[in-house]
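Summary of the model geometry
One-letter residues, chain by chain:
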Amino acid sequence: MSSSDITQKQTSIGRSNWLLNKDNQKTESPGESSEGTKYYSFNQRESEEESDGRKRNQPATGRESRKMAKTATSSQRQAEPYVPDPAQFERHTNAWGYLQALVPAYPSGYLERQSYESATRTGYLIGRSQNSDFPCDKAEISKQHCLIYMENGSNGIQRGISVYLKDLSSNGTFVNGTIVGANQRILLRSGDRIQLTRRTKYDDDHICNLYYRIILPPKFEVGTFHEEYNCGKILGRGNFASVYQATQKGTTREVAVKIISKSRFDRRPKMLPSVIQEIGILMSLEAHPCIIQIGKVFNEPKYLYLLLEYVRGGELFDYVVRRKKLTELETRFIFLQLFCAIDFLHSRGIVHRDLKPENVLLVDDKTLHVKITDFGLAKMQSGQSPFQSQCGTPNYVAPEILDPTGVRAYGRECDLWSLGVMLYICLCGFPPFNGMDKFSFELSWNELAPPPMKEQIKRGLFEFPEPYWTNIAPEAKDLIRKLLTLDPAKRITAKGALNHEWMQINLEKIDDMCDNVDPFFNEKLRNHHEVDSSGSDLPPTQPMGPSFSTQDF
Ligand SMILES: Nc1ncnc2c1ncn2[C@@H]1O[C@H](COP(=O)(O)OP(=O)(O)OP(=O)(O)O)[C@@H](O)[C@H]1O
Ligand SMILES: [Mg+2]
C-alpha cells in the first residue's frame with residue numbers, strides 16, 4: 001500500500017445502488033420524496049386571482065387585516081382589536097418580503113438578506129430556538145419550525161423572485177391550511193397565511209392558529225447571474241455540477257459559483273430534490289467558521305447558479321496527496337474543525353452523508369483552516385426517523401448504509417464513520433479499506449487476498465500496518481477504532497470525539513494554530529448555539545398530510 005492509493009478521487013453516488021451502478025452517477029432510489037420548483041415572476045402572478053377574488057400578491061387591505069384581528073380578538077373578549085402592521089416596501093427597498101404577524105405576540109419583520117452576513121444565515125428561520133429570526137414560544141412549535149428564503153429567477157423573458165417556505169417541523173407547517181410536509185418546500189404567494197400549529201379543535205381563523213402572513217413587494221429588481229457577475233476560472237468539477245470562481249461586477253467581491261445544468265435533470269429527474277435540499281440546508285444554517293456559506297441563488301432557464309463563499313486553498317484531498325501524509329498535530333487541528341462542524345450540523349438535525357477529503361476545502365494551506373462543502377446529499381433528519389436511501393462514496397461509506405434495502409436504516413452516525421476513514425487517510429496517506437473489486441478478487445484465486453471493499457467495510461476489517469503506523473500515537477488509533485465501530489449505536493459521536501484523549505494532546509499548540517486563523521477562532525468554533533434536534537421536539541401530534549410541491553422546475 002502507498003499514498004498513491006488515494007490519488008484517485010472518489011465520486012459520490014447518491015440515492016442509488018452504487019454497487020450496481022457502473023457509470024457512478026447520482027440517481028435516486030424509489031421511496032425518496034421528489035420535488036420541483038416553479039418559476040414565478042411578479043408580473044405573471046399579478047394576473048392570478050385567488051379563489052376568494054383577491055389578487056394574490058396584493059398586500060392585505062385594511063379591511064382584511066381588521067377582519068383577521070376581529071377573529072383573533074373574538075376569542076379573547078378582553079383584548080383590544082389587533083390590526084397587523086401593513087407592509088411599507090417604499091421604506092424598505094431592499095426587502096423581498098414582509099412577514100406580517102397576525103397577533104401582537106409575534107413580531108413582524110422585513111426579509112432582506114440575499115446573502116450571508118457575518119454570523120447570520122441567508123434564509124429566515126421561524127421556531128422555538130433562541131437563535132431563530134422569528135422566535136415563537138409555544139411548546140407545539142419545533143425549535144426550527146420552518147425557513148423562508150428567496151431565489152432570483154428568470155424564464156428568459158421575465159424576471160422575478162421566488163420565495164419559498166421549507167417545512168422543518170415535526171408537527172407540520174401549514175400554508176393556507178394545507179400542510180407543507182417534512183422537509184418539503186412550497187412556493188409562497190403574497191398573502192399566503194403561515195400557520196405553525198393546527199389543532200382539529202380550532203378552526204383556521206382561531207387566534208390559536210394565527211401566526212403570520214407573507215406579503216411580497218409589488219416589484220423587486222433582479223438581474224441575471226451574468227449581468228451581476230463575471231465568471232472566472234474553474235475551481236472544480238463534481239458529479240453533476242461545475243464550480244467556478246466569479247467576481248461581482250463593479251466590486252472586487254469574489255464568490256464561487258456552482259453551476260448546475262438543468263438538462264442533467266432531463267435524464268435523472270429524481271436528482272432534483274438533492275439540489276433543492278442543498279439550497280434549503282445551506283440557507284438554514286447560521287454562519288459556522290468551518291462550513292461553506294451560501295449567498296444568492298439564480299434560477300434561470302438553462303442553469304441553476306448557487307453562489308457560495310469562495311475559498312482559495314483547494315481540496316483537502318489534493319493537499320494530502322501533495323504532502324503524502326500529515327503530521328498528527330496538523331491532522332488534529334483539521335479534525336478539531338471537522339468534529340466541531342459536524343457537531344454543529346448534527347445538533348441541527350443535518351446529516352452530510354458525503355464526507356470525504358474532496359468535500360473539505362482549505363481556506364489556506366498555511367493556517368490549515370478548513371471548510372466543509374457539497375451539501376448535495378445532505379438531509380435533515382426529522383425527529384428520530386432514519387434514512388433509507390443508499391448514498392455516499394464507496395471508500396467512505398458506513399457499513400449500515402450497505403445493508404440491503406428494507407433492512408437499511410441509518411442516521412447521523414454515518415458521518416462519524418466517514419470521518420474515521422478520513423482521519424486514517426490523513427495520518428498514513430492510504431485508505432483503511434482498499435478498493436479491490438469483486439472481479440479481481442475472484443481472479444486472484446488466493447484465499448489470503450483481502451475480501452472486496454464492501455465486505456471489508458461490512459466486517460470492519462482494517463489494520464494499522466507497520467511501518468506506516470509505528471510512530472503514530474496509540475490514542476490516534478483508539479479514536480479511529482471508535483469512529484470505525486460497526487455498530488452505529490456504539491460509535492463515538494462528534495462531541496465524544498472532541499473530548500477524546502487524542503484530541504487533548506498538545507493543546508497549547510492547537511490554541512496557537514487557532515490564533516493563527518483569527519484571535520477568536522477557538523471561541524467561534526465551539527461557541528455555537530446548541531439546537532439539539534435529537535428527541536427534543538415533541539412527537540408528531542397529527543399525521544403528516546400529503547405534501548404538495550410544484551413540479552415544473
Ligand atoms: N466554495 C468553493 N470554493 C472553492 N472551490 C469550491 C467551492 N465549492 C466547490 N469547490 C470545488 O468544486 C468541486 C466540486 O464541488 P461540489 O463538491 O460542491 O460539487 P458536486 O458536483 O456536488 O460534487 P460531487 O461529485 O462530490 O457530488 C469541489 O470538490 C471543489 O474542488
Ligand atoms: Mg463534491
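Residues numbered from 1 in each chain as written. Chains lettered and ligands numbered in written order. Predicted model: local features only at pLDDT ≥ 70, side-chain atom pairs only at ≥ 80, totals over all residues.

For the chain, the name recorded in an unreviewed UniProt entry is Pkinase-domain-containing protein, with Circinella minor as its organism. Note on the chain: under the UniProt heading Sequence similarities (unreviewed entry), the record states "Belongs to the protein kinase superfamily. CAMK Ser/Thr protein kinase family. CHEK2 subfamily." (UniProt positions renumbered as here; feature names shortened; annotations may be inferred.)

**Here's the deal with the site of ligand 1**
Around ligand 1, a shell composed of 23 residues is seen, among which Gly236, Gly238, Asn239, Val243 and Asp374 lie nearest. Contributions of two or more residues to the shell around ligand 1 are made by β12 (229-237), β14 (254-261) and β16 (303-309). For the shell around ligand 1, the per-class residue count stands at 10 nonpolar, 8 polar and 5 charged. Counting contributing residues per domain, the shell around ligand 1 is built from domain 2 (225-308) and domain 3 (316-526), each supplying no fewer than three. (Near = placed C-beta within 6 Å. Helix = DSSP H or I, 4+ residues; strand = E, 2+ residues; numbered from the N terminus. Nonpolar A, V, L, I, M, F, W, Y, C, P; charged D, E, K, R; others polar. Domains from an automatic or database assignment.)

**A look at the environment of asparagine 506**
Checked against the element boundaries, asparagine 506 lands in the loop between α13 (501-504) and α14 (507-517). C-alpha of asparagine 506 to C-alpha of leucine 329: the two residues are 177 residues apart in sequence and 7.8 Å apart in space.

**A word on the pairing of strand β13 (residues 242-248)**
Pairing of β12 with β13, which is carried by 6 bridges, proceeds in the antiparallel orientation. Note that in β13 the partner of arginine 237 across the bridge is serine 242. Following β13, the chain reverses through 5 residues before pairing antiparallel with β14; glycine 250 in that reversal takes a positive phi of roughly 80 degrees. (Pairing = 2+ DSSP bridges.)

**Remarks on the packing of helix α7 (residues 328-347) against helix α8 (residues 413-428)**
Contact geometry of α7 with α8 gives a least axis separation of 10 Å together with a crossing angle of 165 degrees. Comparing their axes, α8 and α7 come out roughly antiparallel. Handedness of the crossing formed by α7 with α8: right-handed. Touching Glu328, Thr331, Ile334, Phe335, Leu338 and Ile342 of α7 are Asp415, Leu419, Leu423, Cys426 and Leu427, all from α8. Grouping the amino acids of the contact of α7 with α8 by side-chain chemistry returns 8 nonpolar, 1 polar and 2 charged. (Axes fitted to C-alpha atoms, helices over the stretch in contact; angles between N-to-C directions. Parallel < 35°, antiparallel > 145°, perpendicular 65-115°, else oblique. Left-handed = near helix turned anticlockwise from the far one by under 90°. Contact = placed C-beta atoms within 7 Å.)

**So, the sheet that holds strand β10 (residues 193-195)**
As summarised here, the arrangement of the 6 strands in space is β2-β1-β11-β10-β7-β8, forming an open sheet in which the pairing is antiparallel. The open sheet has two edge strands, β2 (109-111) and β8 (178-179), and neither has a second partner.

**Some points on the nonpolar core**
Counting residues in hydrophobic clusters, the biggest one holds 134 residues, and the most contacted among them are Leu423 and Leu483. Per-element accounting of this core gives the leading share, 12 residues, to α8. When neighbours within four sequence positions are excluded, leucine 483 is seen to be in contact with Leu416, Trp417, Leu419, Gly420, Leu423, Arg491, Ile492 and Ala497. (Core = buried A, V, L, I, M, F, W, Y, C linked by C-beta atoms within 7 Å. Buried ≥ 20, exposed ≤ 12 C-beta atoms within 10 Å, placed from the backbone.)

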